[in-house]
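Each chain is listed here by its residues.
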Amino acid sequence: MTLQQSRRLQSLLLGTLAWAIAILIFFPIFWMVLTSFKTEIDAFATPPQFIFTPTLENYLHINERSDYFSFAWNSVVISFSATALCLLIAVPAAYSMAFYETKRTKGTLLWMLSTKMLPPVGVLMPIYLLAKTFGLLDTRIALIVIYTLINLPIVVWMVYTYFKDIPKDILEAARLDGATLLQEMIRVLLPIAKGGLASTVLLSLILCWNEAFWSLNLTSSKAAPLTALIASYSSPEGLFWAKLSAVSTLACAPILIFGWISQKQLVRGLSFGAVK
């Protein structure tokens, strides 16, 4: 076997492996969408049926029972607001730690990341009592603050990593040209790191969109996002798989579409370390 044939075989094997992993990851989403167009009888059929008569009754039932757009709007407002607040805090913090590093910088970053190891249920009671005391139960503000705090360590770490890959000479040149600190960040730093920031924003949005623990414990109706809507379709009588799949599809669709549209920015951000 020649070297060229060996490379072709290796490329074919890697491509096959990549497709197999992609199909394995995507299959649960495919099955969820497929089940959403089944009746409850077809959804419970054993063995599972791939050929069936599709129906929209599950989506019609959701539309009649719940105000989907109200839940979706809550998810949009909470996710985008928490992400914007995260960036407002993370960018200056990452800037100071990346370009004015001290002996305590690494320890501070590790301490921030260690807060993610704390189980949410461990702080549920004090946060619930604080929200109740300040009248923030079942409000978007409560979830925005909570989502900002729980995602801030990851956002700071990511932005810090991207900033560390930017040569300090570029910022020093801007200072020699008379740029202020604000001009240095807005006109020099942020445009260079926009690929990394875009991937950070996308990850933060996904984390906020998928957060269920706090939405179920701090909201009931007014500020409930889509994760709370999904949970409402489980009952003591059992799970209605077809309806649950339909509401899950409606909840996942917006963030999947947004991720598909933003995939170029995500890939650019993940390869940002190549910029020197």
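Residues numbered from 1 in each chain as written. Predicted model: local features only at pLDDT ≥ 70, side-chain atom pairs only at ≥ 80, totals over all residues. Heavy atoms only, no water.

**Details of the overall build of the chain**
Then, number 1: Tallying secondary structure elements over the chain gives 14 helices and two strands in all.
Then, number 2: Taken along the three principal axes of its C-alpha coordinates, the chain extends 75 × 70 × 30 Å.
Then, number 3: Taken across its 276 residues, the chain has 36% of its residues classed as buried.
Then, number 4: Looking at the chain alone, contacts between residues at least 24 apart form 77% of all its contacts between residues at least 6 apart.
Then, number 5: Computing the positive centroid from 20 side-chain charges and the negative centroid from 14, the chain places the two 9 Å apart. (Helix = DSSP H or I, 4+ residues; strand = E, 2+ residues; numbered from the N terminus. Buried < 20%, exposed > 50% of the residue type's maximum accessible area, 1.4 Å probe, protein only. Contact = heavy atoms within 4.5 Å. Lys, Arg positive; Asp, Glu negative; His and termini not counted. Charge placed at Lys NZ, Arg CZ, Asp CG, Glu CD.)

**Let's talk about the packing of aromatic side chains**
Then, number 1: In this structure the tally under the stated criterion is nine aromatic pairs.
Then, number 2: A centroid spacing of 5.4 Å and a plane angle of 45° characterise the contact between Phe 37 and Tyr 59, whose relative ring orientation is tilted. In this pair, Phe 37 is assigned in the loop between helix 1 (3-36) and helix 2 (40-43) and Tyr 59 in helix 3 (residues 57-65), connecting sequence segments 22 residues apart.
Then, number 3: In this structure Phe 37 comes out as partly exposed when scored by relative accessible area, which is 28%.
Then, number 4: An angle of 50° between the planes, with centres 5.3 Å apart, marks the rings of Tyr 95 and Phe 99 as tilted. Here the residue Tyr 95 and the residue Phe 99 both occupy positions in helix 4 (residues 68-99), the gap between them amounting to four residues, near one helical turn. Judged on exposure class, the residue Tyr 95 and its partner Phe 99 are both buried.
Then, number 5: Here the aromatic residues Tyr 95, Phe 99, Tyr 100 and Phe 163 are joined through ring pairs into a cluster of three or more. (Phe/Tyr/Trp six-rings, centres within 6.5 Å; stacked < 30°, edge-to-face > 60°.)

**Quick word on the packing of helix 4 against helix 9 (residues 181-192)**
Then, number 1: One way to put it is that helix 4 packs onto helix 9 with a least axis distance of 13 Å and a crossing angle of 90°. Relative to helix 9, the element helix 4 is oriented roughly perpendicular. For the pair helix 4 and helix 9, contact is made by Val 91, Pro 92, Tyr 95 and Phe 99 and by Leu 181, Glu 184, Met 185, Leu 189 and Leu 190, respectively.
Then, number 2: In the contact of helix 4 with helix 9, the residues fall into eight nonpolar, no polar and one charged. (Axes fitted to C-alpha atoms, helices over the stretch in contact; angles between N-to-C directions. Parallel < 35°, antiparallel > 145°, perpendicular 65-115°, else oblique. Nonpolar A, V, L, I, M, F, W, Y, C, P; charged D, E, K, R; others polar.)

**Here's the deal with the UniProt feature "transmembrane region" (unreviewed entry) in the chain**
Then, number 1: Following the UniProt record, the feature "transmembrane region" (unreviewed entry) maps to residues 12-34, 71-97, 109-129, 141-163, 184-207 and 240-261 here.
Then, number 2: Annotated as residues 109-129, this span is 57% helix and 0% strand, and its ends, taken at the C-alpha atoms, are 29 Å apart.
Then, number 3: As a span, residues 141-163 carries 100% helix and 0% strand, and end to end its C-alpha atoms are 30 Å apart. (UniProt positions renumbered as here; feature names shortened; annotations may be inferred.)

**Describing unusual backbone geometry**
Then, number 1: Positive phi outside glycine occurs at Asp 138, with the angle close to 60°.
Then, number 2: Within the element layout of this structure, Asp 138 appears in the loop between helix 6 (124-133) and helix 7 (140-164).

**Side note on the pattern of salt bridges**
Then, number 1: Considering all chains together, one arrives at three salt bridges under this definition.
Then, number 2: Its salt-bridge partner being Lys 243, residue Glu 40 comes within 3.6 Å of it at the nearest N-O pair. With Glu 40 in helix 2 and Lys 243 in helix 13 (residues 241-261), this residue pair connects regions lying 203 residues apart in the sequence.
Then, number 3: With a relative accessible area of 15%, Glu 40 lands in the buried category. (Salt bridge = Lys/Arg side-chain N within 4 Å of Asp/Glu carboxyl O.)

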